[in-house]
Amino acid sequence: MLKPFPKPIYVTRPLLPNLHEFHKLLSEVWESQWLTNNGPKHQQLENELREYLKVKYLSIFNNGMTALIAAVQALELTGEVITTPFTFAATPHAIYWNRLKPVFADIKSDNLTIDPLSIEKHITKKTSAILAVHVFGQPCDVVAIDKIAKKHKLKVIYDAAHAFGTEIKGVPIGKFGDITMFSFHATKLFNTAEGGALVFNNSKLKKSIELIKNFGIKNEREVIVSGINGKMNELQASLGLLNLREIKSERIKRQNIRNTYARELKGEAGISLLESPSGIVDSLQYLVLRIDEKVFGISRDVIYRELKKYNVFTRKYFYPLCSDYNCYKTFPSSSKNNLPVANKVVKEVLSMPFYGALKETDVIKICDILKSVKELRINSKRNN
Ligand code: T4K
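Only a predicted model underlies this, so the values are computations on that prediction, with no experimental measurement involved.

## Observations concerning the domain arrangement of the chain
On domain assignment, one finds that the chain holds domain 1 (19–242) and domain 2 (248–383). Taken over C-alpha atoms, the centre of domain 1 sits 27 Å from the centre of domain 2. Contacts between the two partners involve 38 residues from domain 1, matched on the other side by 38 residues from domain 2. Carbon and sulfur atoms supply 65% of the area buried between domain 1 and domain 2, which totals about 3,100 Å² over both sides. Interface area lost by domain 1 to domain 2 is led by F104, F136 and L189, which between them contribute 23%. Between domain 1 and domain 2 we count 0 salt bridges in total. Counting the contacts that link domain 1 with domain 2 gives 14 residue pairs in polar contact (both at pLDDT 80 or more). Of all elements in the fold, only α4 (90–96), β4 (101–104) and β7 (167–168) reach the threshold of two or more residues within the side of domain 1 that touches domain 2. A class-by-class count of the residues in the side of domain 1 that touches domain 2 yields 20 nonpolar, 11 polar and 7 charged.

## Some details on the packing of helix α2 (residues 40–53) against helix α8 (residues 234–265)
For the pair α2 and α8, interaxial distance at closest approach is 7 Å and the crossing angle is 30 degrees. It follows from the interaxial angle that α2 and α8 lie roughly parallel. Every pair of crossing elements has a handedness; the one defined by α2 and α8 is left-handed. In this structure, α2 contributes P40, K41, H42, Q44, L45, E48, L49 and Y52 to the contact, and α8 contributes E234, A237, S238, G240, L241, L244, I247 and R251. Residues belonging to the contact of α2 with α8 are distributed by class as follows: 8 nonpolar, 4 polar and 4 charged.

Rules and cut-offs
- Residues numbered from 1 in each chain as written.
- Predicted model: local features only at pLDDT ≥ 70, side-chain atom pairs only at ≥ 80, totals over all residues.
- Heavy atoms only, no water.
- Domains from an automatic or database assignment.
- Contact = heavy atoms within 4.5 Å.
- Buried area = accessible area lost by both parts, 1.4 Å probe.
- Salt bridge = Lys/Arg side-chain N within 4 Å of Asp/Glu carboxyl O.
- Polar contact = N/O pair within 3.5 Å; in protein donor to acceptor, adjacent residues only side chain to side chain.
- Helix = DSSP H or I, 4+ residues; strand = E, 2+ residues; numbered from the N terminus.
- Nonpolar A, V, L, I, M, F, W, Y, C, P; charged D, E, K, R; others polar.
- Axes fitted to C-alpha atoms, helices over the stretch in contact; angles between N-to-C directions.
- Parallel < 35°, antiparallel > 145°, perpendicular 65-115°, else oblique.
- Left-handed = near helix turned anticlockwise from the far one by under 90°.

This is the structure in C-alpha cells:
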C-alpha cells in the first residue's frame, strides 16, 4: 500500500546557489551602495548570458512579461498579432497591454507549438506580427514561420520563457525571429527569482529596447518615448550570476530524472512523455505527460486529483486555454471550432514534478502511484 509523501512534492523547486556564496556577492553590493539602474552585477550578468545563450544582443528585464511588452513596443507593432492559445497568460496579455488584438491560431498535435498552416489562415490586412511560443521548450517550426513572415512582411517574436538553452540543429534558440524573450522566474531552470531578457540580432533594436526599459529617458533633459520600468536590480542579478554556474549540473540531474520517468512509464499504454525530436537540445524545463484517456482508462483530471491525495502537486499547464479567458473568449478566433487541436490537447497534458533536487526514489514512487491509480479504477469497475 503506497503512502502519501510526508511533505508536498511540487511541480518544481527553484535552483538556489550556496547561501554563503550569495552573501559574498551581496556584501559587494552593500559595499558599492549601487542597487539598481544598470549596475555592475547587471552588466556582468548580461555579458555572461549573452555568451551562454550565444546571441549578439541581450537586454535583461525585471520579468518575462515586462520584457514581452517592451518587445511589442520596440517593434512598433499595430493592429493584430497572431499567437497561440496554449501558453501562459503573459503571452496574449503582452499583446493586449499594448492595445493590440491577440488573434489565436491552432497548435500542432505533435509538439504543441503554433501551427504555421493555421497562422496563414488568420493573416489579414491588420496583422503586423506573429508571437509564437516554444512551449515546454519544444521549438516552433521556425523555418515555416520565417517563410510566412517574409511573405507577408510580418515581424516575429518568440516567447522562449521555457526554452533557456534549447538549440535546433546546433543553432541557439535566440537566433530566430526579430526578438526572443526568456523568463528567469523562480520556476525556471535558470532563475533570478523574478527576471527575464530580450535577445535579438539587430543593433538598432538595442537602443530602443534600452530606452523603453528605462522609462524612455534619453538623458537628464529628454524623455523621448513612453517607456516602462523594466530594470533588474543588483540583488537579483547577483543571484543570477551564481545560478548560471549551477546550470550544467542542474541539467545533468534533470536529464537523469527524465530518464527515470521514461523508464518507469515505459510500456504504460495511454501515457507518453513529450519529447524533443533528434537534433534538438532540450531545455529540460518541464516534464510533460500526455494522457490518452481512452487507452489509459483514466482522465488527466482524475490523475491530477488522485496524485494530490498523495501530496503530489502536478500542474495542468496550460489549462484553461488563453482563448477561454473572460478578456478574450468573445474574439472570433477564440471559438472552439477554430482551435480543435488546442481544445483537445489541453485536456491531455500534465506537468509532473521536475527539478534537480527531486530524488530518484521519489520519481519511482510518483510513477508507482500513477500506475496504482489505474489499478484502483480497474478493480472498482470489476466490483461494480
Ligand atoms: N510566457 C510563458 C510561456 C510563460 O510560461 C511565462 C511564465 C511567461 C511568459 C512570463 O514570464 P514571467 O513574467 O513570469 O517571468 C508560474 C510562473 O509564475 C510563471 O513565471 C510561469 N510562466 C508559469 C508557467 O508558472 P504559476 O502560477 O504556476 O506559479 P506557482 O506560484 O503556482 O508556482 C508553481 C510551483 O512552483 C509551486 O507549486 C511551488 C513552486 N515554487 C514556486 C515559487 C514561485 C517554489 O517552490 N518556489 C517559488 O518561489 O506560474
